[in-house]
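The lines below spell out each chain.
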Amino acid sequence: EDQVTQSPEALRLQEGESSSLNCSYTVSGLRGLFWYRQDPGKGPEFLFTLYSAGEEKEKERLKATLTKKESFLHITAPKPEDSATYLCAVPTHGQNFVFGPGTRLSVLP
Amino acid sequence: KAGVTQTPRYLIKTRGQQVTLSCSPISGHRSVSWYQQTPGQGLQFLFEYFSETQRNKGNFPGRFSGRQFSNSRSEMNVSTLELGDSALYLCASSIGTGSREQYFGPGTRLTVT
């Protein structure tokens, strides 16, 4: 069964304290891994798509990387406005997208 | 370019009633997907429509249905509402189907009492 897990469930950082979020997946024939950011009361906002192992994408303080079994979202020198839930998702045959449960990130000033 | 819009934003219904939610995708996007988001189950895929045809369907009972119009706007309907249907219903649009980024609307918060 195609599955996506994320860790940690929640993460509290001080402003400027870098860290990484993990997304692990079990899916046959990966056709991309997607990262989204979701603020409370809003819909997810698309961040990155990664298609092959070794690929990296960057946007401001965020960098996403992909291996054959997992993806990492690295957050460098985070700011309070980076606080959100970060979701990863993979497309599967017949079920569209499967989303992970998310990592709730809090960045304290 | 305007984003995905969903109406209504909030809705309160009683058990046994039915409800219709609406989604207008980004101009030029032909695929619309619907998701249910709850604290316990997270984001779960309901169905996807492309060019007025249902392309995929998630593991939800037949009480959940949808349709897409020729202008790509989509509606989803839930009949015989149950307390467990209380959730945030999200619509996402994309240019095509398959592996591609989706752009989400703000969601409709449905509360069933």
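Predicted model only: the values in this text are computed from it and were never measured.

Novice: Let's hear about the sheet that holds strand 6 (residues 56-59) of chain A: which residues, and what values?
Specialist: Residue and element names in this part refer to chain A. One open sheet accounts for five strands, arranged 1-3-8-7-6; its pairing is antiparallel. Across the chains shown, the open sheet's two edge strands, defined by having one partner strand only, are strand 1 (3-7) and strand 6. Sheet twist, expressed as the mean angle between neighbouring strand axes with direction ignored, is 15°. By the bridge criterion, four bridges tie strand 6 to strand 7 (residues 62-66) in an arrangement that is antiparallel. In the strand pairing of strand 7, Glu-56 is matched with Thr-65.

Novice: How would you summarise the packing of aromatic side chains if you had to cite specific residues and measurements?
Specialist: Per the stated rule, a full pass over the model turns up 11 aromatic pairs over all chains. Seen from their ring centres, Phe34(A) and Phe97(A) are 5.0 Å apart, and the 80° between their planes marks the pair as edge-to-face. With a gap of 63 residues between them, Phe34(A) in strand 4 (residues 33-38) and Phe97(A) in strand 10 (residues 96-99) connect regions that are remote in the sequence. The interplanar angle of 90° and the centroid separation of 5.5 Å between the aromatic rings of Tyr36(A) and Phe104(B) together place this pair among those described as edge-to-face. Of this pair, Tyr36(A) sits in strand 4 while Phe104(B) sits in strand 10 (residues 103-104), which puts the two residues in different chains. For Tyr36(A), a relative accessible area of 0% corresponds to the buried category. Among the aromatic side chains, those forming a connected cluster through ring pairs are Tyr36(A), Phe46(A), Phe99(A), Tyr35(B), Phe45(B), Tyr103(B) and Phe104(B).

Novice: Account for the environment of Ser106(A), naming residues and giving values.
Specialist: Residues and elements named next belong to chain A. Among the structural elements, Ser-106 can be located in strand 11 (residues 103-108). Put simply, Ser-106 and Leu-13 are 93 residues apart on the chain and 6.2 Å apart in space, counted from C-alpha to C-alpha. Apart from residues no more than four positions distant in its own chain, Ser-106 is found in contact with Leu-11, Arg-12, Leu-13 and Ser-83.

Novice: Outline the sheet that holds strand 1 (residues 5-7) of chain B, supporting the account with residue identities and numerical values.
Specialist: Residue and element names in this part refer to chain B. The antiparallel open sheet is built from four strands, whose spatial order is 1-3-8-7. The two strands at the open ends of the sheet, each matched to only one other strand, are strand 1 and strand 7 (64-68). The mean angle between the axes of side-by-side strands here comes to 20°, regardless of whether they run parallel or antiparallel. Bridge count for strand 1 against strand 3 (residues 19-24) is three bridges, and the pairing is antiparallel. Paired with Thr-5 across the two strands is Ser-24, which belongs to strand 3.

Novice: Please set out unusual backbone geometry residue by residue, giving values where relevant.
Specialist: Between Ser7(A) and the following residue, Pro8(A), the backbone shows a cis peptide bond with an omega angle of -10°. Assignment of secondary structure puts Pro8(A) in the loop between strand 1 and strand 2 (10-14). Residue Pro8(B) is bonded to the preceding Thr7(B) through a cis peptide linkage, with omega at -10°. For Glu60(A), which is not a glycine, the phi torsion comes out positive at approximately 55°. You can see Glu60(A) is positioned in the loop between strand 6 and strand 7. Residue Glu60(A) is classed as exposed on the basis of its relative accessible area of 71%. Its identity as a non-glycine residue notwithstanding, Ser72(B) has a phi of 80°, on the positive side.

Cut-offs and rules
- Residues numbered from 1 in each chain as written.
- Chains lettered and ligands numbered in written order.
- Predicted model: local features only at pLDDT ≥ 70, side-chain atom pairs only at ≥ 80, totals over all residues.
- Heavy atoms only, no water.
- Pairing = 2+ DSSP bridges.
- Helix = DSSP H or I, 4+ residues; strand = E, 2+ residues; numbered from the N terminus.
- Axes fitted to C-alpha atoms, helices over the stretch in contact; angles between N-to-C directions.
- Phe/Tyr/Trp six-rings, centres within 6.5 Å; stacked < 30°, edge-to-face > 60°.
- Buried < 20%, exposed > 50% of the residue type's maximum accessible area, 1.4 Å probe, protein only.
- Contact = heavy atoms within 4.5 Å.

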